[in-house]
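Understanding the architecture of this molecule
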Amino acid sequence: MRVPFVAGNWKLNKTPTEAVELALELRRLVSSVRGVEIAIAPTAVCIVPVAKKLEESNVKVAAQNVFWESGGAYTGELSAAMLKDAGAEYVIIGHSERRTYFGETDETVAKRVRAALDADLKVIVCIGETLPQRDSGKFLDVVGSQLIGGLAKVAADEAAELVIAYEPVWAIGTGRTASPEQAQEVHAYIRGKLVERFDAQTAAAIRIQYGGSVKGSNAAELMSQPDIDGALVGGASLEANSFADIIRASRPQ
Ligand code: 13P
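Summary of the structure given here.

Calculation notes
- Residues numbered from 1 in each chain as written.
- Predicted model: local features only at pLDDT ≥ 70, side-chain atom pairs only at ≥ 80, totals over all residues.
- Heavy atoms only, no water.
- Helix = DSSP H or I, 4+ residues; strand = E, 2+ residues; numbered from the N terminus.
- Buried < 20%, exposed > 50% of the residue type's maximum accessible area, 1.4 Å probe, protein only.
- Contact = heavy atoms within 4.5 Å.
- Areas by Shrake-Rupley, 256 points an atom, 1.4 Å probe, with all protein chains shown as cover.
- Lys, Arg positive; Asp, Glu negative; His and termini not counted.
- Charge placed at Lys NZ, Arg CZ, Asp CG, Glu CD.
- Near = heavy atom within 4 Å.
- Polar contact = N/O pair within 3.5 Å; in protein donor to acceptor, adjacent residues only side chain to side chain.
- Pairing = 2+ DSSP bridges.

1. Topic: the overall build of the protein
Counting secondary structure elements, the protein contains 11 helices and 8 strands. Referenced to the eigenvectors of the C-alpha coordinate spread, the extents of the protein come out at roughly 45 × 45 × 35 Å. Here the protein, with 253 residues, has 51% of them falling under the buried criterion. Of all intrachain contacts in the protein linking residues separated by at least 6 positions in sequence, the fraction that spans at least 24 positions is 74%. In the structure as shown, the protein presents an accessible area of about 11,100 Å², 52% of it carried by carbon and sulfur atoms. With 27 positive and 32 negative side-chain charges, the protein shows a spacing of 2 Å between the two charge centroids.

Right, dumping it as structure tokens:
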């Protein structure tokens, strides 16, 4: 049985002061929720204060990116060991915004995934097609090659703890959610690719989150699909009540 995993990607939002406030409010709202793994991904400067406020709670902390080198002359970058020591348990890798605005490729995703796993950080690997790619009918190929490319340096015996986030780019921040059937089609395809890449038992253990305009009102229907194991939430995670609604809607039925 896969435990649903709901993560909030705060992107470039919230100062450290605001982040601590939001984290504390969320901690209070979801303290009694069972059966769902919960994480928030504030900006890197907020990881230390937020992680301190979430100690001994059921809300974990994720980073939004990681560099693949462990140290040295790389001005402005952060290593996996630094993020882990700061309090992150997870790291989001390969988000479409990083692919679009910062030149992220499947190769750089693979290097970041390797570095994260080597530092005992768990990874949320993001994949998803653009609207032209969906309209061309080739979206499964696009998603499949992002998946295989991004996981190029992962061994089968460390794959069960991977988290994959399927985020169709046309559904991110647009208010346009993939229908549960559209999402399930891609999630099932991803699961099949994971069987080929690793093995059936490992693929059955890997959580596949859906992301793209998830709200309290559509979360339960998305989660009811057999291969949707949680959500990666942007806008609706910036407000404690709306994120808590999604978390509650994601509890196993
Ligand atoms: P929205 O929930 O704002 O559409 O963002 C999704 C996302 O990109 C999460 O990583």
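2. Looking at the site of the ligand
Residues in close proximity to the ligand total 13 residues, the closest being His95, Glu167, Gly173, Ser213 and Gly235. Measuring from an oxygen atom of the ligand, one finds a backbone N or O atom of Ser213 at 2.8 Å.

3. With respect to unusual backbone geometry
We note that Lys11 has phi near 50 degrees; this positive angle belongs to a residue other than glycine. With respect to the helices and strands, Lys11 occurs in the loop between strand E1 (5–9) and helix H1 (16–30).

4. Section: the side chain of Arg207
When you line up the elements, Arg207 lands in strand E7 (residues 207–211). The exposure class assigned to Arg207 is buried, which follows from its relative accessible area of 10%. Only 2.7 Å separates the side chain of Arg207 from the backbone oxygen of Val3, close enough to count as a polar contact. A distance of 2.8 Å separates a polar atom in the side chain of Arg207 from a polar atom in the side chain of Glu37. Residues within four places of Arg207 in sequence aside, it is in contact with Arg2, Val3, Pro4, Phe5, Glu37, Tyr90, Leu162, Val163, Ile164 and Asp229.

5. Let's talk about the pairing of E7
Burial analysis of E7 places 5 of its 5 residues in the buried class, which makes it a mostly covered element. Taking every second residue as pointing to the same face, both faces of E7 are buried, with Arg207, Gln209 and Gly211 on one and Ile208 and Tyr210 on the other. Sheet topology note: the strand E6 (residues 163–166)/E7 ladder contains 4 bridges and is parallel. Paired with Ala165 across the two strands is Gln209, which belongs to E7. Sheet topology places E7 next to strand E8 (residues 230–233); 2 bridges connect them, and they run parallel. When the sheet's bridge partners are listed, Gly211 is paired in E8 with Leu232.

6. With respect to the environment of Ser213
Within the element layout of this structure, Ser213 appears in the loop between E7 and helix H10 (216–223). In terms of polar contacts, Ser213 uses its side chain to reach the backbone carbonyl oxygen of Ala171, at 2.7 Å. Separated by 2.9 Å, the side chain of Ser213 and the backbone nitrogen of Gly175 make a polar contact.

That is the geometry; function is a separate question.
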